[in-house]
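Residue-level structure breakdown
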Amino acid sequence: MSVERYNSVAVVLHWAIAILIIGQIAGGFYMHNLPNSSPIKFDLYQLHKSFGLSVLALSLARLGWRLAHRPPALPASVPGWQQLAARATHWAFYALMILTPLAGWAMVSVSPVDIPTKLFGIIPVPHLPFFEGVSDREAAEESFKERHEFLAKLIIGLLVLHVAAALKHVFVDKDGVMKSMTPARAGQWIGIGAIFAALGAGGLMYLTASGPQANAAPSSASAQNDGAPVAQSGNWVVDYDASTLSFSGSEKGNGFTGQFNDFTADITFDPEDFEGSSIVVTVATASASTGDSLRDSTIPGEEWFNVESHPTAVFSTSSIRDQGDGYQADGALKIKDFQRPVTLAFDLSIDGEKAVATGGADLIRTEFGLGQNDAWLDEEGVALEVRVEFEIHATKQN
């Protein structure tokens, strides 16, 4: 039976999106069931976001192509109700392929843990701009999470229905409908392969960039164990006696604070030259102190900072920008063998040659290999969220 075929662009986009969605579903179930202590969970979520945004982009392209090109008609032998169901299923797929990643994007945008999104760790993706006035961000995040998961379940249901209908056309009706979307030309296979080669390269670049040696901080900012400031190459000299680097968390529902008593900061900053500005902070992790002797005896251990093998943590900026009411610095924070993207939000006051910068960032401790054993959360009640704040006093070098 002769069957009118979809054009090559439609075929390539259809199969690329289908394979991506199946991968996203399988990966979503897998990473969702991983314990928070898993060292790969953070990377899987970041890749899930990148592949989800890829599904969104390809789905918008597929929808635009569909609106501009008439699809092949179903054979006259297909009953009218089945043709109507097929059209409804296709349009429902378009809606879900767009709404599901948008719900995930909204969940990330409203999250109180402001982890920046970068497409495969390379291209910054801004948060959706609709949630700046949201007060209860935790409740909003949970709401979008539920919607994202619900829409994903709808996709699974439609996918099962779609596959069942395709198999019916192949083995029961034998009307050749399946052939209309089956890749049959070399160019179509090449197109599908090219999309996944590009996505695979992006995933590989992310994994390479997030490895323990990526974006290593310059050695000029190495910490000294005696706490004395090191020689700096930047244009600001830090007053360490007046400066603080602190952190706060929660244990068994009770908040606690602490500070690092030994850190160095190599700062080159000019509000008129962000391209030439950079910040490298090196922290001697053994200097962490909370004022609680039992807690402080645990922090240097292997399960936490493992100071014997990893005496320092390093934050190094990749870009700094003006946010109108303050500044933001994107960069990488490396603790032990775990390196993650971090964005610092800070305010800066400059008075002549003197400057004071205050700000911080919210972190998830297990993303940096801190207290990975689930017992720290379940039995000891140490919260995953940690707030790091700083107050830096510095003088400009002439």
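Remember, it's a predicted structure, so these values are computed and weren't measured experimentally. (Residues numbered from 1 in each chain as written. Predicted model: local features only at pLDDT ≥ 70, side-chain atom pairs only at ≥ 80, totals over all residues. Heavy atoms only, no water.)

**Considering the overall build of the chain**
In terms of regular secondary structure, the chain is built from seven helices and 13 strands. Reported as C-alpha extents along the three principal axes, the dimensions of the chain are approximately 85 × 50 × 40 Å. Counting over 398 residues, the chain shows a buried share of 42%. Considering only contacts in the chain between residues 6 or more positions apart, those separated by 24 or more positions represent 69%. Computed over 26 positive and 43 negative side-chain charges, the inter-centroid distance for the chain is 18 Å. (Helix = DSSP H or I, 4+ residues; strand = E, 2+ residues; numbered from the N terminus. Buried < 20%, exposed > 50% of the residue type's maximum accessible area, 1.4 Å probe, protein only. Contact = heavy atoms within 4.5 Å. Lys, Arg positive; Asp, Glu negative; His and termini not counted. Charge placed at Lys NZ, Arg CZ, Asp CG, Glu CD.)

**Observations concerning the packing of aromatic side chains**
Where two aromatic rings form a pair, the distance of their centres and the angle of their planes describe that pair. Tallying each qualifying case throughout the model produces twelve aromatic pairs. Clustering of aromatic rings is evident, with ring pairs tying together Phe 269, Phe 274, Tyr 327 and Phe 346. Seen from the ring of Phe 144, Arg 147 lies directly overhead, with NZ or CZ sitting 5.1 Å from the centre. Over the ring of Phe 256 we find Arg 295, and its NZ or CZ is 4.2 Å from the ring centre. (Phe/Tyr/Trp six-rings, centres within 6.5 Å; stacked < 30°, edge-to-face > 60°. Lys NZ or Arg CZ within 6 Å of the ring centre and 35° of its normal.)

**Here we look at the packing of helix α3 (residues 80-110) against helix α4 (residues 137-173)**
Where α3 contacts α4, the two axes come as close as 8 Å, and the packing angle between them is 155°. The orientation of α3 relative to α4 falls into the category roughly antiparallel. Where α3 crosses over α4, the handedness of that crossing is left-handed. When its residues are assigned to classes, the contact of α3 with α4 shows 17 nonpolar, eight polar and four charged. (Axes fitted to C-alpha atoms, helices over the stretch in contact; angles between N-to-C directions. Parallel < 35°, antiparallel > 145°, perpendicular 65-115°, else oblique. Left-handed = near helix turned anticlockwise from the far one by under 90°. Nonpolar A, V, L, I, M, F, W, Y, C, P; charged D, E, K, R; others polar.)

**Quick look at empty space enclosed by the protein**
Any empty space left between the atoms is revealed when a probe the size of a water molecule rolls over them. Counted according to the given criterion, the structure contains two cavities of 30 Å³ or more. Taken together, Tyr 6, Asn 7, Ala 10, Arg 62, Trp 65, Arg 66, His 69, Arg 70, Pro 71 and Pro 72 form the lining of the largest cavity. The element best represented in the lining of the largest cavity is helix α2 (residues 41-68), accounting for three residues. A class-by-class count of the residues in the lining of the largest cavity yields five nonpolar, two polar and three charged. (1 Å grid on protein atoms, 1.4 Å probe; cavity = no way out; pocket = protein on both sides within 12 Å on 5 of 7 lines; lining within 4 Å. Points joined across faces, edges and corners; volume = space filled by probe spheres on them.)

**Some details on the environment of Val 110**
Within the secondary structure, Val 110 is located in helix α3. Residue classification places Val 110 among the buried residues on the basis of a relative accessible area of 0%. Not counting the four nearest positions on each side in its chain, Val 110 is found in contact with Phe 131, Val 134, Arg 137, Ala 140, Glu 141 and Phe 144.

**Here we look at the confidence of the model for the chain**
Looking at the chain, pLDDT values average 88 and 91% of them are 70 or higher. Scored below 50 in pLDDT, residues 212-231 makes 39 contacts in the model with residues more than four places away or belonging to other chains. (pLDDT = per-residue confidence, 0-100.)

**Some details on the pairing of strand β13 (residues 385-396)**
Strand direction decides the pairing type here: strand β3 (residues 236-238) and β13, joined by three bridges, are antiparallel. Pairing of Val 238 across the sheet is with Ala 394, part of β13. As paired elements, strand β12 (residues 354-364) and β13 share eleven bridges and run antiparallel to each other. Note that in β13 the partner of Ala 355 across the bridge is Ala 394. (Pairing = 2+ DSSP bridges.)

**Brief notes about unusual backbone geometry**
Non-glycine residue Phe 120 carries a positive phi angle of around 55°. Positive phi, close to 50°, is recorded for Lys 174, a residue that is not glycine. As for its placement among the helices and strands, Lys 174 is situated in the loop between α4 and α5 (186-209). Residue class for Lys 174 comes out exposed when judged on its relative accessible area of 61%.

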